[in-house]
Structures are given as structure tokens and as C-alpha cells.
Amino acid sequence: MQCAWDAFLGLLPLWMRREVDERGRTSLQELRLRSKQPPELVLGKESFWLSRPASPEDLAFVVNSASRYSPWTAATSAQGYITGPGGHRVGLCGEAVLTDGVLAGLRSYHSLCLRVARDFPGIAGQAGKETGSILILGSPGSGKTTLLRDLIRQRSGRCPGSVAVVDERGELFPQSGQEPCFSQGPRTDILTGCPKSQGVEMVLRTMGPSCIAVDEITAEEDCHALTQAGWCGVKLLATAHATSKEDLFSRNVYKPLVEKDLFDLLLVMSPDKTWRMERMRTWN
């Protein structure tokens, strides 16, 4: 297991770092901060609460640390999260700001969910030996990104040609300074911070990959870009929010991917972060 733990601690106010480090270094999954409430450490199926309440200033400190005090990075809060150093994601809740009826960001923060990014080399197991296109299904927090990361790494080491990764949020292969936090594989090319739909077209045109990987397909334009890549003979690795094959088939946003048989295999995540392999079938 690998984790940029020091980067995670660096997001926190000084007063809580020691106890979070002692209790969560090896097992913390999420740290939930709620204004004027004790911080909650989610440790697998159990939770532990610190004795001192978090203040509004504590929440603001975390947001500023995660955004590196950058107005541009803070602006991504309109999507409900910030990806901090080390790939740790900070989910945001608070008072919304609308511009012409469109969410522009948050004026203040009432709750934060800090999700610890951990890497488990080899977790893909037998699926890492597959050469076709693979779609990972699961609910939020089920381990889709961790599994995708290892699939990319193994595909990069086993197959001829390169794997181009469109890492829109910087969570698949985060950096700590100039150093990668997690092993990337020998033939992996990573585009960070670019929207998936544009990034897929860019790496397809400029990097000549044999495989393209993206995390969290959420929009029609993502599906269109992947379809174009698939028609060019490129293999695909991706994740999607669905709890089963039937759930996937019922969602209109994913219908183009299913109808065009872009994926050969499904890896379906379970709540305990294990997964099962299933063959994709044609939409009917």
C-alpha cells in the first residue's frame, strides 16, 4: 500500500494533525469536518470523533491548503470538490453562489469530506492480464479509481504500445512536488487537468496510444470522445457510476457505449471493495 500521507496531513489545521496521524495513518478512509462539530475519522466500518470541534476557520484552512491558495483551483469548487496535493480529494458543502442560475462556487463551507488516496499495486489481479477494453462499475467510494490505476499500470507493462491517461482531476496519478506519488508503469503518458472529452481527442491525435484510460464517465461528450477513440482501434479503460450491469444498461448517458460494444469486460465493485468480472453484452 502506498499513500502520500504527509501531503494529507499538510491539508489539516495544526491542532488535529497529531491525533489524525496516530489514529489514521494506515486505515483512515475519510475525514469529515463539519463546522462547530467534532471531526469524524472514518476507519473502515468504524468511526472515531476528535474531542475538539472544527471551526469555520479550520474548514477554510483546509480549502486553502487543498487549492494551494490558488483562485483558479478554488474555482473548481463549483464542481463540488478540490483535488489536493497527493491526490486526496476534498468534497465540499456550504452556501452556494449562482451566476445567471448556474452554480459558480461556494461562498462559505459548512462540511468537508477529505478522502484519503491510497494505492494498492497488484489489486487488479487476473484482470491486469486482459488485453481488451474494460469498464469498471461501482458506487462512489467503492474503489473504482484505485482499481483503474492498477489496471493502467499493468496494461502499460504488459502490452505493446503506450497507455494515454486523461487524468482530469489529478487523482489517478497525483504528484508530490515534481515526484509521482504512485508507480505509473513504463509506457504511461499522463495528461492532467484537461476535461475528459477534450483530453481523449488530444492524446488520440498527438500521442498515438494503443490504449486510453479515463476516470468517471459522467457526460454525453465523454461517451462521444471514447466512441471516436474506439472506432480508431484504441482499447479503453474507464470507470462509471453504476452498481451492476443492469444499472449501467438502464442509464441513458451510457447507452452509446453499450450499443456500440466499446467494452469487452465489466469489473463490478462490491461495497467491501472486492470486484467480479463479467462479459459485456450488446444492448437490446
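Residues numbered from 1 in each chain as written. Predicted model: local features only at pLDDT ≥ 70, side-chain atom pairs only at ≥ 80, totals over all residues. Heavy atoms only, no water.

J.: Now, about the overall build of the protein chain: what can you tell me, with residues and values included?
T.: Along the backbone of the protein chain there are 9 helices and 17 strands. Computed over its C-alpha atoms, the radius of gyration of the protein chain comes to 19 Å, within 12% of the 19 Å expected for a compact globule of 284 residues. Projected onto its principal axes, the C-alpha coordinates of the protein chain cover approximately 55 × 45 × 40 Å. With 284 residues in all, the protein chain has 49% of them scored as buried. Within the protein chain, counting contacts between residues at least 6 apart in sequence, those at least 24 apart form 60% of the total. For the protein chain, the exposed area adds up to about 13400 Å²; of that, 50% sits on carbon and sulfur atoms. Distance between charge centres in the protein chain, computed from 33 positive and 32 negative side chains, equals 3 Å. (Helix = DSSP H or I, 4+ residues; strand = E, 2+ residues; numbered from the N terminus. Rg over C-alpha atoms; globule rule 2.2 N^0.38 Å. Buried < 20%, exposed > 50% of the residue type's maximum accessible area, 1.4 Å probe, protein only. Contact = heavy atoms within 4.5 Å. Areas by Shrake-Rupley, 256 points an atom, 1.4 Å probe, with all protein chains shown as cover. Lys, Arg positive; Asp, Glu negative; His and termini not counted. Charge placed at Lys NZ, Arg CZ, Asp CG, Glu CD.)

J.: Kindly report on helix 2 (residues 14-24), identifying the contributing residues and their values.
T.: Taken residue by residue, helix 2 has M16, V20 and G24 as its buried positions. Along the axis of helix 2, the buried residues cluster in a sector spanning 35°; they form a single face. Seen from the buried face of helix 2, the exposed residues on the opposite side, beyond 90 degrees, are L14, R18 and E22. For helix 2, the secondary structure elements touched by its buried residues are helix 1 (5-9), strand 2 (30-34), strand 3 (40-43) and strand 8 (118-119). (Arc of directions from axis to C-beta.)

J.: Describe unusual backbone geometry, with residues and values.
T.: For K36, which is not glycine, the phi torsion reads 70° and is therefore positive. By the secondary structure assignment, K36 is in the loop between strand 2 and strand 3. What makes K36 exposed here is its relative accessible area of 65%. For K273, which is not a glycine, the phi torsion comes out positive at approximately 75°.

Such coordinate-based values are descriptive only and should not be taken to indicate function.
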